[in-house]
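As a plain string of letters, each chain reads:
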Amino acid sequence: MTADGQSVARMDRPSGWRAPHPRVLWAAARARLGGMSIWAWGLVLVVAGFTWYFTRLSLDIHRGLGTSTFDYGLYDQGVWLLSRFKAPFVTLMGRNLLGDHTSFILVLLAPLYWVAPGAGTLLGSQALAAGLGAVPVFLYARHRLGNQAVALLMAALFLLHPALQWVVLEDYHPDLYLVPLVMFAIYGALTERWRMYAVCVALALLVKEDVALVMVPLGAWVAWRRDRVIGLVTIGAAVAWSLFAMLVVIGGLTGTAFPNAWRIPFGGVRGLLGEVLTHPGNVIEYLRGDERPWYLWQMLSPFAWLMVRAPEVALISGLVLATNVISTFGYQHQIAYHYSAVALPALALGTVYAVGMMKGRRRWAAVAVLAISSVWTAYLWGPLPLAREPMGYWAADYPVAVSAREIMGEIPGDAVVSAHWSLTPHLARREQIYSWPNPFSLNMYGRDISLEGRPMAEAAEVEYVVLGKPLTEEDAVVWSRVSDQFTLQAENADWLLFRRVAADDRGGLALAEVGCRIAGSADAGCAMLGRVDSGG
């Protein structure tokens, strides 16, 4: 039985109990909306504006060929396969979608592909997820500081964080769903809303196998500050799920439970610990390198470092930041990449928590400093148009992008394709598609790097090949091995589209080529044959 008697109420419902009529629910919703303050409506506008702007910008970048196989095309193909109730084996990367990362949350996204498959769904949902991160900031700041205007300001300032904005524009990554989920989980813990907390923790664990890096510290804080049992259960559930995800799911699907273990310096966990004990100077020198301190500066400066006043909530992100800094993989300690997304919730709410510890003029001075720091760092490091170095990209009407759409329009929707990495995001919704030079010469495909450069049996199934002009030296070598199996279907200033020639027709093609060479003909047909032979 709960304190408010809700469980008893459920048990005492008569057998003929019915859910409220939709009109009753609509009336209740209207009453709730009517009770919203002007500041809450301001929050709605801020979130909607952020979502609209970054969805539109993301789509423009996508249509201008600014997305790639990794990491947009592979998710588009994987979610499309899930929406068609097929095993999500992603031929763009050579492994099961859930064997790459255990992003089971994508199963909930798949039904949207029944209505609106593609870029709008993926890119719009991650922009919305990032924007929704402002909601718990507003709710907790209103609760903690007792001022809705300041709460709205702090929510809007969170959306200016350069790391958040860059991640929204970095292709597509489910990691961004962690921003609102982890934030609401922390907000639920801070305000002891345990149902909200439990739901958000459970959903967050479905986003990625390594979410334990933030859930374990959150559980530790809950056990220390709020409820020991809930905190310990959170830690146990997070660790158990992470082990299941890596050992059973990823290990079972790919044969490698810890594919990213190479990112731990000094040869792994044992080597790192040994180096700390025997040669700590080497570890210090390593941590000073590759702009790792600069990464921390960029992550914390938009919050004006206010969380150091009372760091306990912000330290929930400590393990994530530590692994990013320690990693040998350079992208993990750059704010432009998705690895930083999960660190932002605790830093943002930790800032609100710390400001709440201040009183009187100090509190208002801290809010002013936060505003100045957020705006200034957004100008210095962000991708917005008025930033010091705004993001450069090809728009949808860029000639190369326009010509690419012309070429892709020639490809049947169910054909097996091998295409340039910038085109695969636009062709991904099919059962078989490869990022050139796959499957003719394996490159970043599957987990077995010993197979690099070898052809796959599936190469014989490829019906169309799309290559960019001019061919690189490496591409020309690969194409020269298989060019006799294809004929030029279409060509423009930037792209070449080849179609597989039936085996019975290859002899005729070869005879025609010989005839052209003997006659020295320069007509269009012979020119086409010459391009096939020379690899474009």
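The model shown is predicted, which means the values in this text are computed figures rather than measured ones. (Residues numbered from 1 in each chain as written. Predicted model: local features only at pLDDT ≥ 70, side-chain atom pairs only at ≥ 80, totals over all residues. Heavy atoms only, no water.)

> What exactly am I supposed to notice about the nonpolar core here?
Nonpolar side chains tend toward joint burial in soluble globular proteins. L106, F158 and M215 are the most contacted members of the largest nonpolar core, which totals 133 residues. It is helix α12 (residues 178-190) that provides the largest number of residues to this core, a total of 11 residues. By size, the runner-up hydrophobic cluster in this structure holds 18 residues, among which are Y434, F440, A459 and V465. (Core = buried A, V, L, I, M, F, W, Y, C linked by side-chain atoms within 4.5 Å. Buried < 20%, exposed > 50% of the residue type's maximum accessible area, 1.4 Å probe, protein only. Helix = DSSP H or I, 4+ residues; strand = E, 2+ residues; numbered from the N terminus.)

> Before we go on, may I ask you to explain the packing of helix α10 (residues 148-158) against helix α21 (residues 360-381) in this structure?
Each pair of packed helices can be described by the angle between their axes along with the distance between the axes. Packing of α10 against α21 brings their axes to within 10 Å, and their N-to-C directions diverge by 25°. Of the possible angle classes, the one that applies to α10 and α21 is roughly parallel. The hand of the α10/α21 crossing is left-handed. On α21, the residues touching V150, L153, M154 and L157 of α10 are W364, V367, L370, A371 and S374. A class-by-class count of the residues in the contact of α10 with α21 yields 8 nonpolar, 1 polar and no charged. (Axes fitted to C-alpha atoms, helices over the stretch in contact; angles between N-to-C directions. Parallel < 35°, antiparallel > 145°, perpendicular 65-115°, else oblique. Left-handed = near helix turned anticlockwise from the far one by under 90°. Contact = heavy atoms within 4.5 Å. Nonpolar A, V, L, I, M, F, W, Y, C, P; charged D, E, K, R; others polar.)

> When you look at the environment of P117 in this model, what are you seeing that I'm missing?
With respect to the secondary-structure elements, P117 resides in the loop between α7 (112-115) and α8 (119-132). Look at P117 and you get partly exposed, because its relative accessible area is 36%. For the pair P117 and S83, spaced 34 residues apart in the sequence, the C-alpha separation amounts to 9.0 Å.

> I would appreciate a short explanation of the packing of helix α9 (residues 134-145) against α10 in the present structure.
Look at α9 against α10: their axes get within 8 Å of each other, and the N-to-C directions meet at 150°. Comparing the axis directions of α9 and α10 gives the class roughly antiparallel. As for the relative orientation of α9 and α10, their crossing is right-handed in sense. Facing α9, whose interface residues are A134, V137, F138, A141, R142 and L145, α10 presents Q148, V150, A151, L152, M154, A155 and F158. Its residues placed into classes, the contact of α9 with α10 shows 11 nonpolar, 1 polar and 1 charged.

> Help me understand the pairing of strand β5 (residues 464-468), please; the structure alone is not making it clear to me.
A large share of β5 lies buried, amounting to 5 of its 5 residues. Residues Y464, V466 and G468 of β5 are buried on one face, and the alternating residues V465 and L467, pointing to the opposite face, are buried as well. Here 3 bridges tie strand β3 (residues 417-419) to β5, and the two strands are oriented parallel to one another. Within the sheet, the bridge partner assigned to A419 lies in β5 and is V466. (Pairing = 2+ DSSP bridges.)

> What's the story with the environment of G188 in this structure? I'm lost.
As for its position among the elements, G188 is in helix α12. Residue class for G188 comes out buried when judged on its relative accessible area of 0%. Counting along the chain gives 13 residues from G188 to V201, while the straight-line C-alpha distance between them is 9.9 Å. Residues in contact with G188, not counting those within four places in the same chain, are R193, M196 and Y197.

> What's the story with a nonpolar patch on the surface in this structure? I'm lost.
On the surface, V239, L243, F244, L247, V248 and F258 cluster together to form a nonpolar patch covering roughly 520 Å² of accessible area. What makes L247 partly exposed here is its relative accessible area of 47%. (Patch = residues over 30% accessible without salt bridge, like charges linked within 9 Å, V, L, I, M, F, W, Y side chains within 5 Å. Areas by Shrake-Rupley, 256 points an atom, 1.4 Å probe, with all protein chains shown as cover. Salt bridge = Lys/Arg side-chain N within 4 Å of Asp/Glu carboxyl O.)

> Where do I start with unusual backbone geometry in this structure?
A negative phi angle is the norm for most residues apart from glycine, just as the trans form is the norm for most peptide bonds. For the bond from N438 to P439, the omega torsion is -5°, close enough to zero to count as cis. Tracing the backbone shows P439 in the loop between β4 (433-435) and β5. Of note, the bond from K469 into P470 is cis; its omega dihedral lies within 30 degrees of zero at -15°. Relative to the elements of secondary structure, P470 occurs in the loop between β5 and α23 (473-482). The phi dihedral of E291 is positive, around 60°, even though this residue is not glycine. On the basis of relative accessibility, which here comes to 56%, the residue E291 falls in the exposed class.

> Looking at this structure, how should I read the confidence of the model for the protein chain?
Put simply, the protein chain has an average pLDDT of 90, and 88% of its residues get 70 or more. Of the regions scoring below 50 in pLDDT, residues 1-14 engages in 6 contacts with residues more than four places distant in sequence or in other chains. The low-confidence segment residues 510-536, where pLDDT is below 50, has 25 contacts with residues more than four positions distant or belonging to other chains. (pLDDT = per-residue confidence, 0-100.)

> Just to check I follow, could you spell out the packing of aromatic side chains for this structure?
Centre-to-centre distance and the angle between the planes together describe a pair of aromatic rings. Tallied over the full model, the rule gives 24 aromatic pairs. Taking the centre distance of 6.3 Å and the plane angle of 65° together, the rings of Y172 and Y177 count as edge-to-face. For Y172, a relative accessible area of 0% gives the class buried. The interplanar angle of 80° and the centroid separation of 5.4 Å between the aromatic rings of W294 and W381 together place this pair among those described as edge-to-face. Here W381 lies in helix α21 and W294 lies in helix α18 (residues 292-300), a separation of 87 residues in the sequence. An aromatic cluster is present here, built from W262, F329, Y331, Y337 and Y339 joined pairwise through their rings. A cation over an aromatic ring shows up here: R144 above the ring of Y353, its NZ or CZ 4.3 Å from the ring centre. The cationic tip of R292 hangs over the ring face of Y286; the distance from NZ or CZ to the ring centre is 4.0 Å. (Phe/Tyr/Trp six-rings, centres within 6.5 Å; stacked < 30°, edge-to-face > 60°. Lys NZ or Arg CZ within 6 Å of the ring centre and 35° of its normal.)

> Looking at this structure, I do not really get helix α14 (residues 212-225). What am I missing?
The terminal C-alpha atoms of α14, which comprises 14 residues, lie 19 Å apart, in line with the 20 Å expected from a rise of 1.5 Å per residue. Taken together, the buried positions of α14 are occupied by A212, V214, M215, P217, L218, G219, W221 and V222. Structurally, α14 contributes buried residues whose contacts are with α12, α13 (194-205), α15 (228-254) and α19 (318-326). (Expected span 1.5 Å × (residues − 1).)

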